[in-house]
Structures are given as C-alpha cells and as structure tokens.
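Residue-level listing of the chains:
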Amino acid sequence: MKVVRRDLVPNGPGSVKMIPVDSDDLWFVYNLIAIGDSVMARTVRKVLRETAGGRDAERVTLKLEIKVEAIDFDKEGSVLRIRGKNILENEYVKEIWDSLALDVLQQASDPGASADLAVLLMQEGLANILLVGKSMTTTRSRIETSIPRKHGPAIAGYESAFIKHIDFNVVRCAVIASPGFTKDQFQRHLLLEAERRQLRPIIENKSRIILVRTSSGYKHSLREVLDAPNVMNMIKDTKAAQEVRALQDFFNMLSNDPARACYGPKHVEIAHERMAVQTLLITDDLFRNSDVVTRLKYVNLVKSVKDSGGTAHIFSSMHVSGEQLAQLTGIAAILRFPLPDLEDIEM
C-alpha cells in the first residue's frame, strides 16, 4: 500500500490518501473503512449528451465521494464494494482513527510485507494454487482434469500454472503438497522441464521449493502445510506464521491445562478483569461491527491487554487460522494462571 498523505489525530478524526498496490491492500482498506466514513475515489461513468444528430455517449472520469452505508469484500475476485450516497466533495475522511485502525494502516504501508508463501495443493486430477499473504489467502488457480494413473501429474498442465502464478521475487518459498508421491513426481517433472526450457526462475530457486505431505489437494489441507516444521522455518517471522503458532499454543493449553485457556467474549473479559490474560487471540471480523460501542470495546480490550504486559494477536479472517478461531466465537485467550471457576460461568 502506498500512503500518499495522512492527516489524522489518534482517537480522533482525520483523512488518509492511499493507493492500493495488490489484493492484500484492498483487504486492509476493507478493515479500515467503517459505516459512516466518507470515501473518495476516481471512477468512470458513461454520460449521455444531446447532440444535433441525437444522443451521444461519452465515458468520463469522475471523482465521487460517498457516505458509507455498506461495505463488502469478494475474496475470490479481490473486489471491494462500497455502497452509500454521494455527498459533497472533500478528502478521504474517517470519523475516528482508533489504535486498531492506526495499526492496520501501519501494516498496509509496510513495504517489507509481501506475499509470504505460495502453495500448490494437488492430488490426482486436482490442483489448487494459493498465495498466503500478509493479510489473506487467495486462490490464484484451480485445475481439475482427468489423469490416467500411470502418467501422474506430468501431463496435467500443472507446471504451466505453477510457472505463471508463482513469482519467487515476491514469495519466500513455494510448497508442493499432496498425499502419497504425487508431489515428488511433480517436482521431478517441474525441474526437468525447467532444465529443458531453461526456466531460470525455477532453476535458480529450486532450493526454495519445499515438499509437504497432506491428506488431500483441497484448500482445507492448507492448515497441514502451515503446521509443517520445514515451512514454518521459512516463514517464521511472518504474520501468518505467528497466528498459526499462537493458535497451536492455545489448543495445546486447552488440551493440557484447560483452566489456563478460555474462549468466548464473556469468559475472556472476566479473565482480563482478573489480569489473567497473557495472550489474546481475536479475529479482525469482531472489529468490523457496525456498532461503534462494540468495536471500541474490542479496541480497548486489545490495548489494555498490551498495556498490562500481555500479547495480542489480531487474526485475519482470510487466513485458515482466522477461520479456525472464528469457529471458537472469534476470541480466545491463554492465561497467566488457572481460572477453573470460568467453566461455571455461562458464555
């Protein structure tokens, strides 16, 4: 994200002018914009003009500003949709820039944060190419084809999709994952093709191509890839990896010492009131609440946990770890000390 100008007051009003560079940036914008904000952007409209010969259509570039009434993000097409009424022209205005919004803006404008991982999930007759970025996981290609078993993945055309969609200048590593030996067969075929066709990006980065065994070639197997130690070592300092580790720690604590783990808004709030929260796990979905009071409650919770010496992980609902956390109400915590009586309190 390129931030051209910012003029804002923390916990007050302000405006920001920014230019999205990739689909991840649109996701950050989606998390920044709230109902009631004003958004200005350039758009193209067809205008009909009356002429001597009848009507003439002309496409013109306009600056429109709307008061946001609804916002939606299509993760498959990476399209941001904003609905609202057109208002008087002024700069991109947000009513309140709370600490969460400032953190999102900082992450969005960090030039060092790019796509972390490319994953080719495959099985006989199916392949999915996914990009795991700083804030979301996107599907770049899906291939379904019938392959005679004796030929394996070599004739499926998977290597063309791999070459087209995986850029080693952007990703840290590429993972080929499958059940059985499909991944091994494909890697051999890919490297042979790279030598034959002198594909320098593949030849020069073959050490960054990692094999992982998964249960299937479907998208849900991405969590198995992110659990693999050799993958985690390559992306250990990225946001996606930090979220995976934090969620693993939570589930381990829930299994081994359940009195030191809790989830659900009420249980987490009570634990925090007792200064027991060591690590807070919360999805960004909870901050997109149209009720300003509810959003502010979660913003203050994150800030308070950090101020008391704890750690807060804000999970992207567009990552598999965020989806898992959402199934547990979207908020959970690892505690400093046991609170066995929480089980007796209704969630």
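Residues numbered from 1 in each chain as written. Predicted model: local features only at pLDDT ≥ 70, side-chain atom pairs only at ≥ 80, totals over all residues. Heavy atoms only, no water.

1. Examining the pattern of salt bridges
- Counted by the stated rule, this structure contains 11 salt bridges.
- In this structure, Arg197 and Glu193 form a salt bridge, with 3.5 Å as the shortest nitrogen-oxygen distance. Placement of both Arg197 and Glu193 in helix H4 (residues 182-197) is noted, with a separation of four residues, approximately one turn of the helix.
- The class for Glu193 is buried, based on a relative accessible area of 14%. (Salt bridge = Lys/Arg side-chain N within 4 Å of Asp/Glu carboxyl O. Helix = DSSP H or I, 4+ residues; strand = E, 2+ residues; numbered from the N terminus. Buried < 20%, exposed > 50% of the residue type's maximum accessible area, 1.4 Å probe, protein only.)

2. Comments concerning the pairing of strand E2 (residues 14-19)
- Pairing analysis gives six bridges linking strand E1 (residues 2-8) to E2, with the strands arranged antiparallel. Within E2, the position partnered with Arg6 by the bridge is Val16.
- Remark: five residues form the turn of the hairpin made by E1 and E2, two consecutive strands paired antiparallel; Asn11 in that turn has positive phi of roughly 60 degrees. (Pairing = 2+ DSSP bridges.)

3. Side note on the sheet that holds strand E12 (residues 261-263)
- Strand order across the open sheet formed by four strands is E12-E15-E13-E14, with mixed pairing between neighbours. Here the strands that pair on one side only, and so sit at the sheet edges, are E12 and strand E14 (311-315). Averaged over all pairs of adjacent strands, the angle between their axes in this sheet comes to 15 degrees, without regard to strand direction.
- In this structure, E12 lies alongside strand E15 (residues 331-335), joined through three bridges in antiparallel fashion. Residue pairing across strands places Ala261 opposite Ile334, the latter belonging to E15.
- Contacts from helix H10 (residues 292-307) reach strand E13 (277-283), E14 and E15, with the element oriented near 150 degrees to E13. (Axes fitted to C-alpha atoms, helices over the stretch in contact; angles between N-to-C directions. Contact = heavy atoms within 4.5 Å.)

4. A short note on the packing of helix H9 (residues 265-273) against H10
- Running from N to C, H9 and H10 point in directions that differ by 40 degrees, and their axes come no closer than 11 Å. As far as their axial angle goes, H10 and H9 are oblique. Considering the relative orientation of H9 and H10, their crossing is left-handed. Residues Pro265, Val268, Glu269 and His272 of H9 lie in contact with H10, whose contacting residues are Lys297, Tyr298, Leu301, Ser304 and Val305.
- Looking at the contact of H9 with H10 residue by residue, the class counts come to five nonpolar, two polar and two charged. (Parallel < 35°, antiparallel > 145°, perpendicular 65-115°, else oblique. Left-handed = near helix turned anticlockwise from the far one by under 90°. Nonpolar A, V, L, I, M, F, W, Y, C, P; charged D, E, K, R; others polar.)

5. Some thoughts on H10
- Here H10 contains 16 residues, and its C-alpha end-to-end distance of 22 Å stays within 8% of the 22 Å for a straight helix at 1.5 Å per residue.
- When H10 is considered as a whole, its buried residues turn out to be Thr294, Arg295, Tyr298, Val299, Leu301, Val302 and Val305. Seen from one end, H10 has its buried residues packed into an arc of 150 degrees, which puts them on one side. Among the exposed residues of H10, those pointing more than 90 degrees away from its buried face are Val292, Val293 and Asp307. (Expected span 1.5 Å × (residues − 1). Arc of directions from axis to C-beta.)

6. Topic: the sheet that holds strand E8 (residues 126-132)
- Spatially, five strands are ordered E9-E8-E7-E10-E11 in an open sheet, and the strand pairing comes out mixed. The sheet terminates laterally at strand E9 (137-144) and strand E11 (209-213), the two strands that pair on one side only. For this sheet, the mean angle separating the axes of adjacent strands, direction not counted, is 20 degrees.
- Across five bridges, strand E7 (residues 117-123) lies against strand E10 (residues 173-178) in parallel orientation. Paired with Val119 across the bridge in E10 is Val175.

Just distances and angles here, no functional claims.
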